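Analysis of the macromolecular model
The chain contents come next:
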Amino acid sequence: MRHIISVLIENEAGALSRVAGLFSARNYNIESLTVAPTEDATLSRMTIVTRGSDAVIEQITKQLNKLIDVAAVMDLSEGEHLERELMLVKVRAEGAARDELKRMADIFRGRILDVSANTYTIELTGTRVKLDSFLQSIARDLILETVRTGASGIGRGERILKL
Amino acid sequence: MELTGAEIAIRCLQEEGVEYLFGYPGGAVLHIYDALFQQEQVKHILVRHEQAAIHAADGYARSSDKVGVALVTSGPGITNAVTGIATAYMDSIPMVVISGQVPSYAIGEDAFQEVDAVGITRPCVKHNFLIKDVKDIAPTIKKAFYLAKSGRPGPVLVDIPKDISNQRTEFIYPENVSIRAYNPVGKGDSTQIKRAAQLLLGAKRPMIYAGGGVVLSGAAEQLTGLVRLLGFPITNTLMGLGGFPATDKQFVGMLGMHGTYEANMAMQHCDVLVAIGARFDDRVIGNVEHFAQVPRKIIHIDIDPSSIAKRVKVDVPIVGELKPVLDELLAVLRASKQQPDAADLAAWWKQIKEWNVAGGGLRYKNSTEIIKPQYVIETLYKITHGDAFVTSDVGQHQMWAAQYYKFDQPRRWINSGGLGTMGFGLPAAMGVQLKHPEATVACVTGEGSIQMNIQELSTCKQFHLPIKVLSLNNRYLGMVRQWQQFFHGDRYSESYMDALPDFVKLAEAYGHVGMRIEQPSDVEPALKEAFARKKELVFMDFQTDPKENVFPMVPGGKGLSEVVLSEDL
Ligand SMILES: Cc1cc2nc3c(=O)[nH]c(=O)nc-3n(C[C@H](O)[C@H](O)[C@H](O)COP(=O)(O)OP(=O)(O)OC[C@H]3O[C@@H](n4cnc5c(N)ncnc54)[C@H](O)[C@@H]3O)c2cc1C
Ligand SMILES: Cc1ncc(C[n+]2csc(CCOP(=O)(O)OP(=O)(O)O)c2C)c(N)n1
Ligand SMILES: [Mg+2]
């Protein structure tokens, strides 16, 4: 099962490598990992998307908690949550495809950030599924580059991860 | 007054009450060695290889309830130390290692003797630090000691760049530490403890399985109280030996790969199992699917939540320090009007006795022609009245020592279980002997293992450590040979130890007493003579049966009841 795990971690040199090292050393899978400081600059917030059986996910959260720098861990997928990812896609936009791509970007509520004679750079946010389906909706040979941030997640309503 | 970083580091060790610092100097730690030179409180033990410094600090810690402390230089100093650090990590031993680092301005430039110490040790420490400011030295060392000994213990590394050890600042040793993201639990959950008590009182075929956590937490007394109160059978893991008296009638022996038949059968067939500071290691329960075939309720008490439900499903998890948890459990049991069903318990004990007979207990065929290694250990037990500190290396001799020396007290059996590090025994014995100068310390080793840190005979000479080394010399990497005999069609690939040195001369060359023992009839007199030499290190080279195997044996990947009992079955 796919799980999305949020981690509050001391914003210290090496903290990220402790998490990354844990996943590789214990053979856990990382689909994506995002990290940046929070409103409290001494803490970073990490979102990790991973896959595993219930037993593996239980070990992942326990092992994360065991890291001295980790202050709090929440498996967002255990409850209501929101998930967003940012993607930048550069596409070949020439001739008839130019209008078509603009239309697709609108349908997916994307924004065109950069326009050149032959290309568009489109910004999209959404769930992983939405971003995937955008990519599937345009001809493969038109895609020049994609950059994705990986998911960031947050609990709904009163589900709060804070110290 | 302002002190240098080096002076501060040493002052911190003084504040922590460190008696011995095991180490080896080098460029990056020169300032620290200079500070060490100018004081007397912390005594430095100069080893002959950094791995030995860590094992010695480890032996010191295992034989006491104190933190072991070591000091090594950058580059090759810290890489040599890694095996020792990983050994301590796997067995949860409290330790602080200070390493020198190249000057902070040179980090990242492939400077002379630079390695990323924090990166290299990350997977085998509880935590580590790279000091970036001289002001951080004191608070960081304070944190290091706190982390090493609190919660689930483990090694902590503090890496100090050379320039920082020479900068000055005011020395203030913090009174308290708090690490906001680190809050180890104390007491266990009372509801869970009550549930555990209910399960125990209702059990028909109960089993207590206690591990290294009992020794680490100093909860042997509580455990013994619990076992005696309930009248249940108890087994210990290799790491737990001595956590319950081995000569007690409720003790059914060690369990696991080389455990007794009755201990393993009782593990497999019990209806309620309580695991206390033990982590269901693969050498202990063998094949997990096979283990899970028999339904049983499991209570698991451990301070580390990640030890619980890692390999087996648990019905009643209790996260907490063993002492308060066991105290509370005992109180609940004592207050309960219910008692375990006497008839059920009697039937269960009868079954266990039958397994003991069927399995033949621990046995070997002694000989008048050739020295049997088990006989050496039995005689060691007899001569030392079961009262020695016994360290061991890794291999067959380790298993025979664990099986045939009956440990009645915790912290007397000192071995590398989790990592299984050959070369551990002798340096660990140095740490033990320093901590307990008057005690009898025996190091049971093999001719393979001893050669992995034999240079420490020199350290033993310098510091007058009268360790008794018992080398069970079977001319083989015996444990490897045994597996090759059983599982690789007698193809003894590289397990014969050719060109062995003359160990007697070698011991003598280091200034010690050497003995070669070839006849079974000489075993006891030799041991008596050796142990009578209270002030000398005696190296005993026992020429033992090269074909002897360790039994019982649960082959790797098999279930606990799929055991090979002996050669002739
Ligand atoms: C050649 C060889 C053969 C071996 N054969 C066997 C064998 O036959 N049988 C066997 O048992 N082992 C054997 N081992 C050892 C095995 O590899 C493991 O090291 C050992 O079984 C682990 O012991 P343990 O479960 O007691 O855990 P330990 O490694 O001692 O772990 C201790 C546990 O206690 C917990 N703990 C620590 N402090 C506290 C506290 N204050 N409060 C609560 N909990 C705490 C820890 O979190 C941890 O889970 C062998 C090793 C070698 C090298
Ligand atoms: C550092 C290290 N290398 C390799 C091994 C694998 N190993 C386990 S037991 C063993 C043989 C040990 O031989 P010896 O010390 O003579 O003991 P014996 O088994 O003969 O009693 C080996 C090579 C190990 N445990 N540690
Ligand atoms: Mg050998």
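Residues numbered from 1 in each chain as written. Chains lettered and ligands numbered in written order. Predicted model: local features only at pLDDT ≥ 70, side-chain atom pairs only at ≥ 80, totals over all residues. Heavy atoms only, no water.

Glancing now at the overall build of chain A. When its secondary structure is counted, chain A shows 4 helices and 9 strands. For chain A, the succession of helices and strands along the chain, N to C, is β-α-β-β-α-β-β-α-β-β-α-β-β. Residue burial in chain A is summarised as follows: out of 163 residues, 44% are buried. Long-range contacts, defined here as pairs at least 24 residues apart, represent 73% of the contacts in chain A between residues at least 6 apart. As displayed, chain A has an accessible area near 8,600 Å², and 51% of this comes from carbon and sulfur atoms. Averaging the positions of the 22 positive and the 23 negative side-chain charges in chain A gives two centres separated by 2 Å. (Helix = DSSP H or I, 4+ residues; strand = E, 2+ residues; numbered from the N terminus. Buried < 20%, exposed > 50% of the residue type's maximum accessible area, 1.4 Å probe, protein only. Contact = heavy atoms within 4.5 Å. Areas by Shrake-Rupley, 256 points an atom, 1.4 Å probe, with all protein chains shown as cover. Lys, Arg positive; Asp, Glu negative; His and termini not counted. Charge placed at Lys NZ, Arg CZ, Asp CG, Glu CD.)

What follows deals with helix 17 (residues 425-435) of chain B. Among the 11 residues that make up helix 17 of chain B, 10 are buried, leaving the element largely enclosed by the rest of the structure. Residues of helix 17 of chain B that are buried: B:Gly425, B:Leu426, B:Pro427, B:Ala428, B:Ala429, B:Met430, B:Gly431, B:Val432, B:Gln433 and B:Leu434.

Residue and element names in this part refer to chain B. As a structural note, the neighbourhood of ligand 1 is formed by 36 residues, with Gly-212, Thr-237, Arg-279, Asp-302 and Ser-307 the closest of them. Contacts to ligand 1 include Gly-212, whose backbone N or O atom sits 2.7 Å from an oxygen atom. Residue Asp-302 places a side-chain N or O atom 2.6 Å away from an oxygen atom belonging to ligand 1. For ligand 1, whose free accessible area comes to 990 Å², the fraction covered by protein is 97%. When contributions to the shell around ligand 1 are tallied by element, the ones reaching two or more residues are helix 8 (212-217), helix 11 (282-285) and helix 16 (396-404). Among the elements that make up the shell around ligand 1, the one with the highest residue count is helix 8 (4 residues). Here the shell around ligand 1 is composed, by residue class, of 14 nonpolar, 15 polar and 7 charged. (Near = heavy atom within 4 Å. Polar contact = N/O pair within 3.5 Å; in protein donor to acceptor, adjacent residues only side chain to side chain. Nonpolar A, V, L, I, M, F, W, Y, C, P; charged D, E, K, R; others polar.)

All names here are of chain B. Phe-551 connects to Pro-552 through a cis peptide bond whose omega is -10°. As for its position among the elements, Pro-552 is in the segment after strand 20 (538-543). Even without a glycine there, the phi angle at Ser-92 is positive, about 55°. Positive phi is not limited to glycine here, since Ala-499 has a value of about 55°. Classification of Ala-499 as exposed rests on a relative accessible area of 73%.

Residue and element names in this part refer to chain A. The domain boundaries assigned to chain A delineate domain 1 (2-78) and domain 2 (82-152). Here the C-alpha centre of domain 2 lies 29 Å away from the C-alpha centre of domain 1. Across the contact, 9 residues belong to domain 1 and 6 residues belong to domain 2. Around 540 Å² of area is buried between domain 1 and domain 2 when both sides are counted, 46% of it from carbon and sulfur atoms. Together, Arg-2, Ile-4 and Thr-34 form the three largest contributors to the area buried by domain 1 at its contact with domain 2, with a combined 59%. Run the count over domain 1 and domain 2 and you get 2 salt bridges. Here domain 1 and domain 2 share 2 residue pairs in polar contact (both at pLDDT 80 or more) between them. Broken down by secondary-structure element, the contributors of at least two residues to the side of domain 1 that touches domain 2 are strand 1 (2-10), strand 2 (32-37) and strand 3 (43-51). Its residues assigned to classes, the side of domain 1 that touches domain 2 comprises 3 nonpolar, 3 polar and 3 charged. (Domains from an automatic or database assignment. Buried area = accessible area lost by both parts, 1.4 Å probe. Salt bridge = Lys/Arg side-chain N within 4 Å of Asp/Glu carboxyl O.)

Turning next to the domain arrangement of chain B. Residues and elements named next belong to chain B. Entries for chain B in the domain assignment read domain 1 (2-170), domain 2 (190-359) and domain 3 (373-556). Computed over C-alpha atoms only, the centres of domain 2 and domain 3 are separated by 31 Å. Taken together, the 22 residues of domain 2 in the interface contact 23 residues of domain 3. Taken over both partners, the interface formed by domain 2 and domain 3 buries close to 1,700 Å², and the fraction arising from carbon and sulfur atoms is 64%. Interface area lost by domain 2 to domain 3 is led by Leu-238, Met-257 and His-258, which between them contribute 36%.

All names here are of chain B. As a matter of local geometry, ligand 2 sits amid 17 residues, with Gln-396, Gly-420, Ser-449, Tyr-476 and Gly-478 nearest to it. Note that an oxygen atom of ligand 2 is positioned 2.9 Å from one of the backbone N or O atoms of Met-479. At 3 residues, the largest contribution of residues to the shell around ligand 2 is made by helix 19 (residues 478-487).

What follows covers the packing of helix 1 (residues 5-15) of chain B against helix 2 (residues 30-37) of chain B. Residue and element names in this part refer to chain B. Relative orientation of the contacting elements helix 1 and helix 2 amounts to 55°, with a least axis distance of 8 Å. In this view, helix 1 runs oblique relative to helix 2, as classed from their interaxial angle. You can see that helix 1 and helix 2 cross each other, and the crossing is right-handed. Packed against helix 1, whose contacting residues are Ala-6, Glu-7 and Ile-10, the element helix 2 presents His-31, Ile-32, Ala-35 and Leu-36 at the interface. (Axes fitted to C-alpha atoms, helices over the stretch in contact; angles between N-to-C directions. Parallel < 35°, antiparallel > 145°, perpendicular 65-115°, else oblique. Left-handed = near helix turned anticlockwise from the far one by under 90°.)

A separate point is the coordination of the magnesium ion (ligand 3). Residues and elements named next belong to chain B. All of the protein donors around the magnesium ion (ligand 3) are Glu-447 (OE), Glu-447 (OE), Asn-474 (OD1) and Tyr-476 (O); their distances to the metal are 2.1 to 2.6 Å. Seen from the magnesium ion (ligand 3), its 6 donor atoms lie at angles of 52 to 177°, and the figure they make is irregular. For the magnesium ion (ligand 3), the single-chain donor residues occur in sequence as E-x26-N-x1-Y. In this pair, Glu-447 is assigned in the loop between strand 17 (441-446) and helix 18 (456-462) and Tyr-476 in the loop between strand 18 (468-473) and helix 19, connecting sequence segments 29 residues apart. Here Glu-447 and Tyr-476 have matching classes, each one buried. (Donors = N, O, S within 2.8 Å, 3.2 Å for Na, K, Ca; no water. Tetrahedral: all angles 85-135°; square planar, octahedral: opposite > 155°, others 65-115°.)

What follows concerns the packing of helix 3 (residues 50-62) of chain B against helix 4 (residues 76-90) of chain B. Residues and elements named next belong to chain B. Interhelical geometry of helix 3 versus helix 4 gives an angle of 30° and a closest axis separation of 7 Å. By the angle between their axes, helix 3 is roughly parallel relative to helix 4. Once helix 3 is placed against helix 4, the crossing between them reads as right-handed. Here Glu-50, Gln-51, Ile-54, His-55, Asp-58 and Arg-62 of helix 3 come into contact with helix 4, specifically with Gly-77, Asn-80, Ala-81, Thr-83, Gly-84, Ile-85, Thr-87 and Ala-88.

All right, on to the sheet that holds strand 5 (residues 95-101) of chain B then. Residues and elements named next belong to chain B. If you trace the 6 strands from one edge of the open sheet to the other, you get 3-2-4-5-7-6, paired in parallel fashion. The open sheet has two free edges, formed respectively by strand 3 (43-46) and strand 6 (127-130), since each of these has just one partner strand. Each strand of the sheet is rotated relative to its neighbour by a mean of 20°, with strand direction disregarded. Strand direction decides the pairing type here: strand 6 and strand 7 (residues 155-161), joined by 4 bridges, are parallel. In the sheet register, Phe-129 faces strand 7, and the bridge partner there is Val-158. (Pairing = 2+ DSSP bridges.)

All right, on to the interface of chain B and chain A then. Across the boundary between the two partners, chain B contributes 18 residues, which contact 18 residues of chain A. Both faces combined, the contact of chain B with chain A buries some 1,500 Å², and carbon together with sulfur accounts for 49% of it. When the buried area of chain B at its contact with chain A is split by residue, B:Arg122, B:Arg180 and B:Ala181 rank highest and sum to 40% of it. Here chain B and chain A share 3 salt bridges between them.

What follows is about helix 6 (residues 137-149) of chain B. Residues and elements named next belong to chain B. Under the 1.5 Å per step criterion, the end-to-end length of helix 6 is 19 Å for 13 residues, consistent within 8% with the ideal 18 Å. On the buried face of helix 6, the contacting elements are helix 1, strand 4 (68-72), strand 5, strand 6 and strand 7. With its phi angle positive at about 55°, Gly-151 sits one or two positions after the end of helix 6. (Expected span 1.5 Å × (residues − 1).)

Let us look at empty space enclosed by the protein. Residues and elements named next belong to chain B. By the definition in use, this model includes 1 cavity of 30 Å³ or more. In this model, the largest cavity occupies a volume close to 30 Å³. Together, Gly-359, Gly-361, Arg-363, Phe-551, Pro-552, Leu-565 and Ser-566 line the largest cavity. (1 Å grid on protein atoms, 1.4 Å probe; cavity = no way out; pocket = protein on both sides within 12 Å on 5 of 7 lines; lining within 4 Å. Points joined across faces, edges and corners; volume = space filled by probe spheres on them.)

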